[in-house]
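Overview (structure and organization)
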Amino acid sequence: MEAMKDTNDRRMFERYQVVHLYLKGFKHKDISEIVLRSTKTISSYIKAYKKGGLAGLERGLPTGAPRKLTESQEHELVQVVAYKTPHDVGYENHYNWTLAIISDFIQREWGQTYTLRGVSLLLEDLGLSHTRPNYTLKKADKAKQETFKNETFPDLKKLLNEEIDHILFEDESMIRDYQALQCSWFLRGKQRLIPTYGKHQGAKLLGTLNYETGEVFVVEAENYDAEVFLEFLKKVLSKYPSGKIVMVLDNARIHHAKLIQPFLEENQSRLELVFLPPYSPDLNLIEGLWKWMKGTIINNVFYSKVQEIKINVRKFVEDINKDADKIINRLCVQM
């Protein structure tokens, strides 16, 4: 610990940190995830420590094969691969990093030659991994999102059980007959095949998630329009026959429709709509319910009839509502 405090060398700090975690009882795999280095590198640091103590970690005493790139070059490589595309650095019409392009980039920039295997090991050692990216909504307003998380929603929670009796997160979702494929155990060397009819049917759902109790309420619909949403609001009031309801929801057109305004005015003492910042699905806690539902009853399954989907949706909702704590721990603890 003292060595970590005394050094200003980033690389030496990392090596001391590895040894500190090792002595605290952390496993090699866990240390690898903390410092973002390969388990092979972690093992080499620990081996050097066992052989020569802290002095064995000195950079003048290599813990592995000599490095072709300097520390600053390695840092630049990480920044380029993580935050730029090949197109950004001169590779026309290439927007995805491959081992071959990275190898060529290293040769072009610093005159060092790596095999594809060598590039792969280098990237792993530098804390990079070959992972699938995810989409984010570019139009999202981060300032408004932070305001909702740090001010709007905390203020609502303060009023819960005083001026507010129920906080519900609302959303709609289409559950298709075959939604997605995900990894699954199967015979080695073979691939599980999911038969389909090439159709795209599904069940349209509207639902609420009760932030305090974890209760899930889901109804089916033939389509999504203002009339359907109005009827859904009526069902929510019937579901919760007493107390003030605050419903948190996104900015879909049907949620702002003129048709529902008289109903909201008539029931303003019972129901208030609070709208999320635009393009902020991550702030709508019920989104996790749809993901949970699809992962349980849709992924790697094909339904020949929509009715089969609806039956399993009902069973899923009925089943999870038996364990409110499980719902709260999975969906409601994020905010």
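These remarks concern the structure in this document. All values reported here derive from a predicted model rather than from experimental measurement.

This part is about a negative patch on the surface. On the surface, a cluster of negative charge is made up of Glu318, Asp319, Asp323 and Asp325. Within the secondary structure layout, Asp325 lies in helix 13 (residues 324-332).

Attention shifts here to the pairing of strand 5 (residues 271-275). For strand 4 (residues 245-249) and strand 5, the ladder comprises five bridges, and the chain directions are parallel. Considered in strand 5, the bridge of Ile245 is made with Leu271. Handedness of the crossover is the feature at issue here: the chain leaves strand 4, passes through helix 10 (residues 261-266), returns alongside strand 5, and the resulting connection is right-handed.

The next thing to look at is unusual backbone geometry. Phi at Asn93 is positive, roughly 65°, even though this residue is not glycine. With respect to the helices and strands, the residue Asn93 is situated in the loop between helix 5 (71-83) and helix 6 (99-110). For Asn93, a relative accessible area of 66% puts it in the exposed group. Of note in the backbone geometry, Asn161 takes a positive phi value of approximately 75° without being a glycine. Structurally, the position occupied by Asn161 is in the loop between helix 8 (142-159) and strand 1 (166-176). The exposure class of Asn161 is exposed, given its relative accessible area of 52%.

Quick look at the pattern of salt bridges now. The tally for this structure, following the rule as stated, stands at six salt bridges. Across the salt bridge formed by Arg314 and Glu220, the nearest N and O atoms sit 2.7 Å from each other. Of the two residues, Arg314 is situated in helix 12 (residues 306-320) and Glu220 in strand 3 (residues 216-221); the sequence distance between them amounts to 94 residues. Relative accessible area serves as the criterion here: at 28%, Glu220 is assigned to the partly exposed category.

This part takes up the packing of helix 3 (residues 28-35) against helix 4 (residues 39-52). It is the contact of helix 3 with helix 4, at a shortest axis distance of 9 Å, that shows an interaxial angle of 110°. Classed by the angle they form, the pair helix 3 and helix 4 counts as roughly perpendicular. Along the contact surface, helix 3 presents His28, Lys29, Ile31, Ser32 and Val35, while helix 4 presents Thr39, Ile42, Ser43 and Ile46. Residue classes in the contact of helix 3 with helix 4 are distributed as four nonpolar, four polar and one charged.

What counts, and where the lines are drawn
Residues numbered from 1 in each chain as written. Predicted model: local features only at pLDDT ≥ 70, side-chain atom pairs only at ≥ 80, totals over all residues. Heavy atoms only, no water. Patch = residues over 30% accessible without salt bridge, like charges linked within 9 Å, V, L, I, M, F, W, Y side chains within 5 Å. Areas by Shrake-Rupley, 256 points an atom, 1.4 Å probe, with all protein chains shown as cover. Salt bridge = Lys/Arg side-chain N within 4 Å of Asp/Glu carboxyl O. Lys, Arg positive; Asp, Glu negative; His and termini not counted. Charge placed at Lys NZ, Arg CZ, Asp CG, Glu CD. Helix = DSSP H or I, 4+ residues; strand = E, 2+ residues; numbered from the N terminus. Pairing = 2+ DSSP bridges. Right-handed = clockwise from strand over helix to strand, strands pointing away. Buried < 20%, exposed > 50% of the residue type's maximum accessible area, 1.4 Å probe, protein only. Axes fitted to C-alpha atoms, helices over the stretch in contact; angles between N-to-C directions. Parallel < 35°, antiparallel > 145°, perpendicular 65-115°, else oblique. Contact = heavy atoms within 4.5 Å. Nonpolar A, V, L, I, M, F, W, Y, C, P; charged D, E, K, R; others polar.

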